[in-house]
Amino acid sequence: NSMLLWQRTAFHFQPQKNWMNDPNGPTYYRGWYHLFYQYNPASAVWGNITWGHAVSLDLVHWFYLPIAMVPDHWYDANGVWTGSATILPDGRLAMLYTGSTAELVQVQNLAFPADQDDPLLLTWVKSESNPVLVPPPGIAPKDFRDPTTAWYVPSESAWRIAIGSKNDSQRHAGIALVYRTSDFLSYELLPGVLHSVAGTGMWECVDFYPVSTESATGLDTSAATGPGVKHVLKASMDDDRNDYYAIGTYEAATNAWVPDDPEKDVGIGLRYDYGMFYASKTFYDPVKQRRVLWGWIGETDSERTDLRKGWASLQTIPRTVLFDQQTGSNLLQWPVDDVETLRSGSQEFSNISIPAGSVVPLDCSTSGGAAGRGVLGPFGLLVLADDDLSEQTAVYFYFVRSTDGSISTHFCHDELRHACHPALLAADIVKRVYGSLVPVLDGETLSVDHSVIESFAQGGRTCITSRVYPTSATYGGGRLFLFNNATGVDVTAKSLKIWQMGSAFIRPFSEHDSVS
Ligand code: DQQ
């Protein structure tokens, strides 16, 4: 049981107990960052979905607050599902969310803070007009959910929101519907769809936001379109449980978003993360002028084990999202710089040579795919490893030379050798090798937090998240190694910097905590 306890994280957000899934309505309001999340107050598996709630002053340390919304009306009797926040020009806040009705129909509902002057947003009032939206003709009752943050269209003096769905009569197309509203109470469905991709199925948790192609700052969701601005469309694919995004051009007048590269369209191209990551959502942080991404990290162990642990799922470290001005074709994600306040005891290594076929232990206490050997790799790091390397997760690169002589770089996680303790959970854990192509190789950051590894390669062009369940590399026993399983090349690690990460506090809000 101490092993199960060890799996609780030190700086990834998770509730005190029970089940969590999608991040909901993230926002900054009067001094506080707010995170709501899909939460089952009664058990460590999905069900009875309410909105859990936590606040933070820095996106690192969190206070749990009481549950914000529970299923207490016919229009959300089967769950207060995913939704998004919109900050109105006068500073008030509107929250739209999906309710699963008593008849299991998906409808959209409006809620607002009972007291707009309460920075903690403790009490929520559901609109008397609920549901404000029901599935339109042609849309199945269970395929209409997860409203986005609204964006303002000045030429119409009105707001728009997008909602994910699917159209099975059009080759199982995933679609995003767009509605116009001026008061968040009545809505008009715009003709056509924002976008549609055949074969991708139901789009959950659609996110739609502008990015600057010229500066490294984030944009408000309602930022003006035009030169220097592109729009990201993201959808969570219910069919394959991954979050795909594409970058393109949005034209409000025609209600259309067009991907820059049709071959890398939503659902068939880029993913935010090539590991365990789903149902993500961004918000604009006006304090640091950045767009921040949250993602849900599920478990890869069994429900039985989750019930035994009494909890399931984590949220990612919030990530800053920027347009990659160098490639012009992808986003860059990086853990918010606020987490650097948890760093201490830095150790720096430079020019470590790792001869072909060797493993180099790094002198610090703190990881099929990686074990295979090719001429040009794999090589990389073994994290959460025990002393004799019977337990490890490998985070690594390898090069592939194609017949035309060009070389591509792959970035991977190999989970096949974590949780080795025979008597333990190993049997009911799904272990995989995750990987993706990453353009060029230079610079990577890695966050290792008890039972989760998040990796950001090449400045955040490619990201991978793994749940791991160490059984012997726990309680300070986790070690870090460099390895080179290439047969044909020696590798030099030019520089490597390692920090100990302190624990963030994530605890209930008490009377003594000051309110700004
Ligand atoms: N989770 C919510 C839905 C959403 C799904 C229900 C995505 O609103 O589509 O818990 O994980």
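Calculation rules
- Positions within a chain are numbered from 1, following the residues in the order the chain's sequence is written.
- Per-residue local features are limited, in this predicted model, to residues with pLDDT of at least 70; the limit for side-chain atom pairs, both in listing and counting, is 80 or more; totals at the level of whole chains, interfaces and linings are taken over all residues.
- UniProt positions are given in the numbering used here, feature names are shortened, and annotations may be inferred rather than shown by experiment.
- Counting from the N terminus, the helices are DSSP H or I runs at least four residues long and the strands are E runs at least two residues long.
- We compute the radius of gyration over the C-alpha atoms and compare it with the globule rule, which gives 2.2 Å times the number of residues raised to the power 0.38.
- Counting other C-beta atoms within 10 Å of a residue's C-beta gives its exposure: the residue is buried at 20 or more, exposed at 12 or fewer, and partly exposed in between, where C-beta atoms are placed from the backbone.
- Any residue qualifies as near a molecule or strand once its backbone-derived C-beta atom lies within 6 Å of it.
- Polarity classes work like this: nonpolar for Ala, Val, Leu, Ile, Met, Phe, Trp, Tyr, Cys and Pro, charged for Asp, Glu, Lys and Arg, and polar for all others, with Gly in that last group.
- Strands are labelled as partners when DSSP assigns at least two bridges between them.
- Helix axes are fitted to C-alpha atoms over the stretch in contact, other axes to C-alpha atoms as well, and angles between N-to-C directions run from 0 to 180 degrees.
- Any residue pair is listed as a contact if its two C-beta atoms, each placed from the backbone, are within 7 Å.
- Each residue carries a pLDDT score, the predictor's confidence in it, ranging from 0 to 100.

Looking up the chain in an unreviewed UniProt entry gives the name Beta-fructofuranosidase, with the organism given as Musa acuminata subsp. malaccensis. Recorded under Sequence similarities (unreviewed entry), the UniProt text for the chain is reproduced unchanged: "Belongs to the glycosyl hydrolase 32 family."

Asks: Please set out the overall build of the chain residue by residue, giving values where relevant.
Replies: Along its length, the chain carries two helices and 36 strands. Taken against the 2.2 N^0.38 rule, which gives 24 Å for 516 residues, the C-alpha radius of gyration of the chain at 23 Å falls within 12% of a compact globule. Once the C-alpha set of the chain is aligned to its principal axes, its extents read approximately 65 × 55 × 40 Å. Here the chain, with 516 residues, has 48% of them falling under the buried criterion.

Asks: Run through the site of the ligand, naming residues and quoting values.
Replies: Near the ligand you find 13 residues, and of these Gln38, Trp81, Thr82, Glu204 and Ala279 are the closest. Those elements that provide at least two residues to the shell around the ligand are β1 (18-29), β5 (80-87) and β14 (203-212). Looking at the shell around the ligand, its residues break down into four nonpolar, five polar and four charged.

Asks: Describe in detail the sheet that holds strand β31 (residues 444-449), supporting the description with residues and values.
Replies: If you trace the three strands from one edge of the open sheet to the other, you get β31-β32-β33, paired in antiparallel fashion. One side of each edge strand has no neighbouring strand; the edge strands of this open sheet are β31 and β33 (462-467). Taken pair by pair, the neighbouring strands of this sheet meet at an average axis angle of 10°, ignoring direction. In terms of strand pairing, β31 meets strand β32 (residues 452-457) through six bridges, oriented antiparallel. Its bridge partner lying in β32, serine 447 is registered against glutamate 454.

Asks: Outline the pairing of strand β7 (residues 106-113), listing residues and values.
Replies: Of all eight residues that make up β7, seven are buried, and the element is covered over most of its length. Pairing geometry for strand β6 (residues 93-100) and β7, over six bridges, is antiparallel. Across the sheet, methionine 95 pairs through a bridge with alanine 111, a residue of β7. Connecting β6 to the next strand, β7, in antiparallel fashion are five residues, including leucine 104 with a positive phi near 65°.

Asks: Could you give an account of the environment of glycine 174, with specific residues and numbers?
Replies: For glycine 174, the position within the fold is in strand β11 (residues 173-181). Separated by 108 residues in the primary sequence, glycine 174 and threonine 282 have C-alpha atoms spaced 20 Å apart. Excluding its chain neighbours within four sequence positions, the residues that come into contact with glycine 174 are Lys166, Ser196, Val197, Thr200, Gly201, Met202, Trp203, Ala235 and Gly267.

Asks: An account of the sheet that holds β5 is needed here, citing residue identities and associated values.
Replies: If you walk across this open sheet you meet the four strands as β5-β6-β7-β8, and the pairing is antiparallel. Each end of this open sheet is capped by a strand with a single partner; those strands are β5 and β8 (124-126). For this sheet the average axis-to-axis angle between neighbouring strands, irrespective of direction, equals 30°. Where β5 lies against β6, six bridges are found, and the strand directions are antiparallel. Bridge pairing links glycine 83 to tyrosine 97 in β6.

Asks: Hey, could you go over the environment of threonine 471 for me, with residue numbers and the actual values?
Replies: Counting through the fold element by element, threonine 471 comes out in the loop between β33 and β34 (479-484). Between the C-alpha atom of threonine 471 and that of serine 447, which follows or precedes it by 24 residues, the distance is 19 Å.

Asks: Describe the confidence of the model for the chain, listing the residues and the values that go with them.
Replies: Predicted confidence across the chain gives a mean pLDDT of 90, with 95% of residues reaching 70 or more. Model confidence for the complex: the whole-complex pTM is 0.94, and ipTM, which rates the interface, is 0.99.

Asks: Account for the environment of leucine 219, with residues named and values stated.
Replies: Mapped onto the elements, leucine 219 comes out in the loop between β14 and β15 (229-237). C-beta crowding within 10 Å serves as the criterion here: with 21 such atoms nearby, leucine 219 is assigned to the buried category. Here the alpha-carbon distance between leucine 219 and glycine 91, two residues 128 residues apart in the chain, equals 17 Å. Apart from residues lying up to four places away in sequence, leucine 219 is in contact with Pro210, Val211, Ser212, Val229, Tyr284 and Arg291.

Asks: Before we move on, could you go through unusual backbone geometry and cite the residues and values that matter?
Replies: Note the cis peptide between asparagine 130 and proline 131, where omega equals -5°. Mapped onto the elements of the fold, proline 131 is located in the loop between β8 and β9 (151-153). Although it is not a glycine, asparagine 18 adopts a positive phi angle of roughly 70°. Mapped onto the elements of the fold, asparagine 18 is located in strand β1. Judged by C-beta crowding, with 20 C-beta atoms within 10 Å, asparagine 18 ranks as buried. The residue phenylalanine 184 is not glycine, and still its phi comes out positive at about 65°. With respect to the helices, strands and loops of the structure, phenylalanine 184 is situated in the loop between β11 and β12 (188-189).

Asks: Report on the pairing of β15, specifying residues and quantitative values.
Replies: Taken across its nine residues, β15 has seven buried, putting it largely inside the fold. Relative to β15, β14 is paired through eight bridges, and the arrangement is antiparallel. Each residue of the ladder has a partner; that of tyrosine 209, found in β15, is valine 232. Across seven bridges, β15 lies against strand β16 (residues 242-251) in antiparallel orientation. Directly across from histidine 231, in β16, lies its bridge partner glycine 248.

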